[in-house]
Amino acid sequence: MKQPTRLMQPSQQTIQPVLEALNSGHLDHAEALTKKLLKQYPKAFVLHNLYGNALAGQNKFLEAVTSFRKALELDPSVAELHLNVAILLSNLNRVDESIASYKKALNLKPSLTDAHYNLGAALQSQDKFDLASAHYKKAIELEPGFFEAMVNLGVCLQEQSQLQPAIDIYQRALTIQQDAKVYFNMGTALKNEGKLED
C-alpha cells in the first residue's frame, strides 16, 4: 500500500524573517519574502496566511483575499481567516460575499465578537435592521462595554420604530462614552417618542 506523501512545510527558522518584517512594519519586504517562500512551499498554510496579512496591510485587498482563500483551502476550520476574508470583502464593497464569510466564521466560532459586530454592520448597510440588531446584541453580550455596537444597535432599533429600546441603549452607550452623535440620535428618538422634555 502506498503511503501518502507529507507536504513540505517551512520551519520556524525559515519563516522568522517574514515574521520580523511583518512585526516591524516592513510589509513590502514581508510580501517579497513570503512570495519567494511560497514557490518552495506552495501548500504551506502559514505562508498563505502571512502573505495575506502582508498584502492586507498594504491595502492590496483583492490579492489578500486570494491568499487567505488558498490558506482556507488547506484548512477551512480557521474561523479567524474567514473573518479576515469577510473584512477584506467588505472593504471591496462585496457585501453579500462578506456576509457569507462572516457567517462561516461564526458557524466555526460563535464567540467571535468582531464577526458579530461586522456582520451587523454589513446587514445594516442592506437595511436588514432586525438581523443586524441580533448580531449587535450578541456582540454586546460577548463584550458588554462595546460602545460602537450599542450605538449601531440604537440606530437599527430607531429605524424599526422601536424608540424606547433605542433610547435605552443610547443612554447605556453614553455611560461609556460621551458622544455628540449619540446625543443627537437619542434626541431624535425622544422627539419621535414625544418625550423631548426628558
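See the structure shown above.
Let me sum up the structure you'll find in this document. (Residues numbered from 1 in each chain as written. Predicted model: local features only at pLDDT ≥ 70, side-chain atom pairs only at ≥ 80, totals over all residues. Heavy atoms only, no water.)

**Regarding the overall build of the protein**
Summing up its helical and strand segments, the protein has 11 helices and 0 strands in all. Taken over the C-alpha trace, the protein has a radius of gyration of 21 Å; the compact-globule value for 198 residues is 16 Å, which it surpasses by more than 25%. Considered along the principal axes of its C-alpha atoms, the protein spans approximately 75 × 40 × 25 Å. Burial status across the protein gives 41% buried among its 198 residues. Here the analysis covers contacts within the protein between residues at least 6 apart in sequence; of these, 45% occur between residues at least 24 apart. Counting only carbon and sulfur atoms, one obtains 52% of the accessible surface of the protein, whose full area is about 11,200 Å². Between the centroid of the 20 positive side chains of the protein and the centroid of its 21 negative side chains there is a distance of 11 Å. (Helix = DSSP H or I, 4+ residues; strand = E, 2+ residues; numbered from the N terminus. Rg over C-alpha atoms; globule rule 2.2 N^0.38 Å. Buried < 20%, exposed > 50% of the residue type's maximum accessible area, 1.4 Å probe, protein only. Contact = heavy atoms within 4.5 Å. Areas by Shrake-Rupley, 256 points an atom, 1.4 Å probe, with all protein chains shown as cover. Lys, Arg positive; Asp, Glu negative; His and termini not counted. Charge placed at Lys NZ, Arg CZ, Asp CG, Glu CD.)

**Focus on the side chain of Asn185**
Examined against the element boundaries, Asn185 turns out to sit in helix H11 (residues 180-193). Setting aside residues no more than four positions away along its own chain, Asn185 makes contact with Val155, Gln158 and Tyr170.

**Notes on the nonpolar core**
Grouped together as the largest cluster of nonpolar side chains are 37 residues, with contacts concentrated most on Tyr136 and Ala149. Those elements that place two or more of their residues in this core are helix H5 (79-91), helix H6 (95-108), helix H7 (113-125), helix H8 (129-142), helix H9 (147-159), helix H10 (163-176) and H11. The contact partners of Tyr136, leaving out residues within four places of it in the chain, are Tyr117, Gly120, Ala121, Gln124, Ala149, Asn152, Leu153 and Cys156. One finds Leu22, Ala30, Leu38 and Leu50 within the second-largest nonpolar core, a separate group that totals 25 residues. (Core = buried A, V, L, I, M, F, W, Y, C linked by side-chain atoms within 4.5 Å.)

**Quick word on unusual backbone geometry**
With a phi close to 60°, Asp127 is a non-glycine residue in the positive phi region. Examined against the element boundaries, Asp127 turns out to sit in the loop between H7 and H8. In this structure, Ser161 takes a positive phi of about 60° despite not being glycine. Counting through the fold element by element, Ser161 comes out in the loop between H9 and H10. Ser161 gets classed as exposed once you look at its relative accessible area, which sits at 60%.

**Concerning the pattern of salt bridges**
Considering all chains together, one arrives at 5 salt bridges under this definition. As a salt-bridge pair, Lys60 and Glu31 come within 2.9 Å of each other at their nearest N and O atoms. Residue Lys60 is found in the loop between helix H3 (45-57) and helix H4 (61-74), and its partner Glu31 is found in helix H2 (residues 27-40); the two are separated by 29 residues along the sequence. Given the relative accessible area of 14%, Glu31 is considered buried. (Salt bridge = Lys/Arg side-chain N within 4 Å of Asp/Glu carboxyl O.)

**Thoughts on the side chain of Thr113**
Examined against the element boundaries, Thr113 turns out to sit in helix H7. Residue Thr113 is classed as buried on the basis of its relative accessible area, which comes to 14%. If we skip the residues at most four places from it in the chain, Thr113 touches Ala139, Leu142, Glu143 and Phe146.

**A closer look at the packing of aromatic side chains**
A full pass over the atoms with the stated rule returns 2 aromatic pairs. Taken together, Tyr117, Tyr136 and Phe146 form an aromatic cluster joined through their ring pairs. (Phe/Tyr/Trp six-rings, centres within 6.5 Å; stacked < 30°, edge-to-face > 60°.)

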